[in-house]
Amino acid sequence: QAGYTNLVADVSGIVTAVEAEAGQVVGAGTPVVRIAQDGPRDVVFSVPEDRVNMIKPGALVNVRSWAAESNRQGTVREVAASADPVTRTYQVKVSLDIKDANAAPPLGATVYVSPQVFARADMQVIKLPTSALKQDGKTTAVWLLDPATMTLKSQPVEIATADGNEAVISSGLQPGMQVVSAGVHVLQAGQKVTLYKER
């Protein structure tokens, strides 16, 4: 039975942790050694709750090793279904397309990641407080003010994402349009209104 004392890895890789000590009594199924399997590389990082909806499987991510100056491109292959109970962030796994095994970053290396979907952060966008949004059937809409007649009309909009307590509008509005930001559920189409002025 001495053969049972030999632990043999079923894959090639690198030992990342030894979780038992010499002489320790372990039960069946208790992890003793953790191994990172050598082969295709994954980049693992976390995103906060308010950004996780922007990252979908198949999305492109720019990856740069700590010491390298050039970027590699990776593809999101998995987004965690639930948040970490402590950090409230979602784990994202990105697969790297590396044809030359020698060019692969070492296991456990630190990298910088830049999801391409976040690259739109410098673009001009229209943001509204969430209190301005209303449901118009199955679509999201806002009350738009007609300055000539001082009446309201419903304007469907599309929401790109949320930014804190604000919604980023992707279509439906143009710069300069006046939108009702409070009390939207008690208003009606064609209703005459006046602009609120602080005393």
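See the structure printed just above.
Residues numbered from 1 in each chain as written. Predicted model: local features only at pLDDT ≥ 70, side-chain atom pairs only at ≥ 80, totals over all residues. Heavy atoms only, no water.

A.B. asks: Got a minute to help me understand a nonpolar patch on the surface in this structure?
C.D. replies: A grouping of Leu7, Val11, Val15, Val18, Val33 and Ile35 is seen on the molecular surface, where their side chains present a nonpolar patch of about 510 Å² in accessible area. Of all the elements in the fold, those that place two or more residues in the nonpolar patch are β1 (13–18) and β2 (33–37). With a relative accessible area of 39%, Val33 lands in the partly exposed category. (Patch = residues over 30% accessible without salt bridge, like charges linked within 9 Å, V, L, I, M, F, W, Y side chains within 5 Å. Areas by Shrake-Rupley, 256 points an atom, 1.4 Å probe, with all protein chains shown as cover. Salt bridge = Lys/Arg side-chain N within 4 Å of Asp/Glu carboxyl O. Helix = DSSP H or I, 4+ residues; strand = E, 2+ residues; numbered from the N terminus. Buried < 20%, exposed > 50% of the residue type's maximum accessible area, 1.4 Å probe, protein only.)

A.B. asks: What am I meant to see in the sheet that holds strand β4 (residues 60–65) here?
C.D. replies: Sheets are built from strands paired through backbone hydrogen bonds, the pairs being either parallel or antiparallel. In spatial order, the strands read β3-β6-β5-β4-β7; together these five strands make up an open sheet with antiparallel pairing. Where the open sheet ends on each side, the last strands, each with one partner, are β3 (42–48) and β7 (111–115). Taking each pair of neighbouring strands and ignoring which way they run, the sheet shows an average axis angle of 40 degrees. Two elements, strand β5 (residues 72–79) and strand β6 (residues 89–96), share five bridges in a ladder whose sense is antiparallel. By the bridge assignment, Val76 is partnered in β6 with Val94. (Pairing = 2+ DSSP bridges. Axes fitted to C-alpha atoms, helices over the stretch in contact; angles between N-to-C directions.)

A.B. asks: How should the packing of aromatic side chains be read in this particular structure?
C.D. replies: Two numbers describe a pair of aromatic rings. These are the distance of the centres and the angle of the planes. All told, the structure shown has zero aromatic pairs when counted by the stated rule. Taking NZ or CZ as reference, Lys134 lies 4.2 Å from the ring centre of Trp143, over its face. (Phe/Tyr/Trp six-rings, centres within 6.5 Å; stacked < 30°, edge-to-face > 60°. Lys NZ or Arg CZ within 6 Å of the ring centre and 35° of its normal.)

Limitation: the analysis is restricted to geometry and does not speak to function.
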